[in-house]
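Here are the chains, one letter per residue:
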Amino acid sequence: MNEFATHEVFNQSPPFEDVNLFTTDRALMEAVNREGGGSAVRRLTAFGEVCGSAAAFERGRLANEHPPRLKPFDSKGHRLDVVEFHPAYHECMGVSVAEGLHCSSWDHLAGGKPVPGANVARSAGCYMAIQMEAGHQCPITMTNAAVPTLRLQPEIAQAWLPKVLARVYDKSFRPASAKRGATIGMGMTEKQGGTDVRANTTKAVPAAGGGPGAEYILTGHKWFMSAPMCDAFLVLAQAPKGLSCFLMPRFLPDGSVNALHFQRLKEKLGNRSNASSEVEFRGAHAWLIGEEGRGVPGIIEMVTGTRLDCAVASAGLMRLVLANAVHHCRHRTVFQKKLADQPLMGQVLADLALDAEAATALAFRLSRSFDRASDPHAAAWRRLMTPVTKYWICKLAPAFAYEAMECLGGNGYIEDGVAARVYRELPVNAIWEGSGNVMALDLLRVLQREPETVEIVMDDLAATAGGDTHLKAHLARVHRLLHEPRFLEQRGRALTESLATLAAGTILRAHAPASVADAFIATRLAGAPRQTYGHGLDGVDTRAIIERALPA
Ligand SMILES: Cc1cc2nc3c(=O)[nH]c(=O)nc-3n(C[C@H](O)[C@H](O)[C@H](O)COP(=O)(O)OP(=O)(O)OC[C@H]3O[C@@H](n4cnc5c(N)ncnc54)[C@H](O)[C@@H]3O)c2cc1C
């Protein structure tokens, strides 16, 4: 009803829903085609319709307004250790699993041929599913990323991969052997250290002889272990020969519940639909993956996959808040003019659109490098640019979301809309799976241990930068930073950020319309230093940039 006794409701923007999240996103469509995911376009078009529907956004709202609850005991005091989710959360999981987002990087392992562009296509699906609802993407990401670690132990892979690769979401709490589909989580972080996992104190004792694939008994804790209703977890623990990687299922082979005792769920700033537990392992059974003492190399492939997903997720959420802001400003009149037509708002929206497109371009360029691991150029990009891309996009996104929220005025700050939720969600992508400094240090590790990897990427960037004078000057700056050994660690962030903006500018120069590439390069790689959005685009065709960001 638009009529009240005292007033009429007018000049409010209609809800941003029932939009196709694929076909309305030119930067995404072009990135998918450019980076090798073209064969998935029909499927992605259909999925874009699903994720942008009013029903999908409503699911996302409900899953977050009714966060999961831990049920440690039953009514008679027996241990239960289960987490209850709102049905909307399970629906989100069902949508993403049916689309294969929890496994489709590995579809070829199910007996088929390698799918060209599988990672690019999957990233596009995740980029849209996260706009529907962000929290459920945690187990989706972890399950897909767990596959290379599971494969290190053939008998474990044989037992678990068929369940992981099935596109069936089964929320029931029963042994994975009785289920058609399974999800996998990860437990590394302990109270005394998350980054420094070598400080893990959880002890693993061989149940019999020990060794790869053997059963161990784990005693200790994890301070963060998300998605605790996953069917199994890859966990790190100290075995007799050092930190090792284990698969810990929720149920034991005899059908009894494994000794994972959840202490409580975290009260989080955002990511509320997802449960993140504190857990004790009280003699929990787990099976060794690889050799004892090789825990970090064992789990690192999983971590690399999740870092890609963090970047993709933040890019997707940036697009969602930007689209909401542009949509609102096109409908809202202030001082007899639509907000989108106010010159200063044009600066803000276009400026935001530049970072959204740059983030999308960089995230999908990185996704392509996961598809072409046998190509040395792609392998170099994957190694070097995974931490760089994760760092830059995930760090940019919270400030971006704040600015987009402000475009919506007071409504942006209110929980009825998506902007507030997205704003609370975004910092976690920078914190987990390697926080900002850790990403910068990882870049320095590549520089010190594999300088040839850095050279390959820099040569590729130089070749693509062409004659653009700003890009060439920036390239020279990055070279200077790379080859200046003094204060290298202190300059880790400067180097990471410079490399990210160089790569983004180079991709936009080669592939985006000139209005976007010129403005991005002029403001991010040259020009006056800036700390906020909405300036530096004098004389730029902001309308064209905004129209590209969200066609009217
Ligand atoms: C919502 C949520 C869910 C999570 N889910 C999981 C999960 O499922 N499984 C799991 O294992 N973990 C999970 N985590 C934990 C997360 O991965 C860690 O919090 C993260 O890795 C950081 O570890 P920490 O909290 O121990 O911080 P620390 O390791 O103490 O780091 C604190 C800060 O110091 C910085 N830092 C670290 N080393 C250096 C250095 N050498 N030089 C300079 N700076 C440095 C880091 O960048 C960080 O900013 C989750 C966290 C959150 C918030």
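The notes below deal with the structure included here. Every value quoted in this text rests on a predicted model; they were computed, and no experiment measured them. (Residues numbered from 1 in each chain as written. Predicted model: local features only at pLDDT ≥ 70, side-chain atom pairs only at ≥ 80, totals over all residues. Heavy atoms only, no water.)

With that out of the way, let us pick up the packing of aromatic side chains. Enumeration according to the criterion identifies seven aromatic pairs in this entry. With centroids separated by 5.7 Å and ring planes inclined at 70°, the aromatic side chains of Y127 and F364 adopt a geometry described as edge-to-face. Of this pair, Y127 sits in helix α5 (residues 118–132) while F364 sits in helix α9 (residues 343–371), and the two are 237 residues apart along the sequence. F364 carries the same exposure label as Y127, and that label is buried. Over the ring of W381 we find R365; its NZ or CZ atom is 4.0 Å from the centre of that ring. Sitting over the face of the ring of F370, R382 holds its NZ or CZ atom 4.3 Å from the ring centroid. (Phe/Tyr/Trp six-rings, centres within 6.5 Å; stacked < 30°, edge-to-face > 60°. Helix = DSSP H or I, 4+ residues; strand = E, 2+ residues; numbered from the N terminus. Buried < 20%, exposed > 50% of the residue type's maximum accessible area, 1.4 Å probe, protein only. Lys NZ or Arg CZ within 6 Å of the ring centre and 35° of its normal.)

This paragraph deals with the site of the ligand. Near the ligand, the surroundings consist of 20 residues, among which M188, T189, G194, T195 and S226 are the closest. Backbone polar atom of M186 to a nitrogen atom of the ligand: 2.9 Å apart, as the coordinates give it. Note that a nitrogen atom of the ligand is positioned 3.4 Å from one of the backbone N or O atoms of F224. Calculation on the ligand without its partners gives an accessible area of 970 Å², and the protein chains cover 67% of this total. Only β3 (184–187), β5 (215–226), α13 (427–431) and α14 (436–449) provide two or more residues apiece to the shell around the ligand. (Near = heavy atom within 4 Å. Polar contact = N/O pair within 3.5 Å; in protein donor to acceptor, adjacent residues only side chain to side chain. Areas by Shrake-Rupley, 256 points an atom, 1.4 Å probe, with all protein chains shown as cover.)

Below, the discussion takes up the packing of α9 against helix α19 (residues 542–549). The geometry of α9 relative to α19 is characterised by a closest axis approach of 9 Å and an angle of 50° between their N-to-C directions. Relative to α19, the element α9 is oriented oblique. Of the two elements, α9 crosses α19, and the hand of that crossing is left-handed. Only T542, I545, I546, R548 and A549 of α19 make contact with α9, whose side of the interface consists of G346, Q347, L349, A350, A353, L354 and E357. Along the lines of polarity and charge, the residues of the contact of α9 with α19 split into seven nonpolar, three polar and two charged. (Axes fitted to C-alpha atoms, helices over the stretch in contact; angles between N-to-C directions. Parallel < 35°, antiparallel > 145°, perpendicular 65-115°, else oblique. Left-handed = near helix turned anticlockwise from the far one by under 90°. Contact = heavy atoms within 4.5 Å. Nonpolar A, V, L, I, M, F, W, Y, C, P; charged D, E, K, R; others polar.)

This part takes up helix α8 (residues 295–331). Taking 1.5 Å of rise per residue, 37 residues should cover 54 Å, and α8 covers 54 Å from first to last C-alpha, within 8% of that figure. At E301, α8 shows its largest kink, close to 30°. Taken across its 37 residues, α8 has 31 buried, putting it largely inside the fold. (Expected span 1.5 Å × (residues − 1). Bend = angle between axes of the 7 residues up to and from the residue.)

This part is about helix α16 (residues 469–482). For α16, spanning 14 residues, the distance from its first C-alpha to its last is 20 Å, which sits close to the expected 20 Å at 1.5 Å a residue. All of the buried residues along α16 are L471, H474, L475, V478, L481 and L482. Buried residues of α16, viewed axially, fall in a sector of 120°; they line one side. With respect to the buried face of α16, the exposed residues turned more than 90 degrees away are T469 and R480. For α16, the elements touching its buried residues are α14, α15 (451–465), α17 (492–511) and α18 (514–525). Two or three places before H470, at the start of α16, stands the capping residue D468, its side-chain oxygen 3.0 Å from that residue's backbone nitrogen. (Arc of directions from axis to C-beta.)

In this structure, N11 is a non-glycine residue whose phi angle is positive, near 60°. Following the sequence through the fold, N11 ends up in the segment before α1 (26–34).

All told, the structure shown has 32 salt bridges when counted by the stated rule. Of the charged contacts in the structure, one is a salt bridge between R319 and D25, with a shortest N-O distance of 3.5 Å. Here R319, found in helix α8, pairs with D25, found in the segment before α1; they are 294 residues apart in sequence, far enough to count as distant. The class of R319 is buried, set by a relative accessible area of 4%. The structure contains a network of salt bridges with shared partners spanning R307, R383, D442, R445 and E450. (Salt bridge = Lys/Arg side-chain N within 4 Å of Asp/Glu carboxyl O.)

This part takes up the environment of P387. Take P387: it is sitting in helix α10 (residues 376–407). You can call P387 buried: its relative accessible area is 1%. Residues P387 and V438, 51 residues apart in the sequence, show an inter-C-alpha distance of 8.4 Å. Not counting residues up to four positions away in its chain, the partners in contact with P387 are M439, D442 and L443.

What follows covers the nonpolar core. Formed by 181 residues in total, the largest nonpolar core has its most connected members in L150, L234, F246, W392 and L499. Per-element tally for this core: the top contributor is α8, with 17 residues. (Core = buried A, V, L, I, M, F, W, Y, C linked by side-chain atoms within 4.5 Å.)

Attention now goes to the environment of E215. As for its placement among the helices and strands, E215 is situated in strand β5. Each C-alpha atom, one on E215 and one on H285, is 6.7 Å from the other, the two residues being 70 residues apart in sequence. Once residues within four sequence positions are removed from consideration, E215 is found in contact with P206, A207, A208, H285, A286 and W287. At 2.6 Å, the side chain of E215 forms a polar contact with the side chain of H285.

Purely spatial values, then, with no claim about function.
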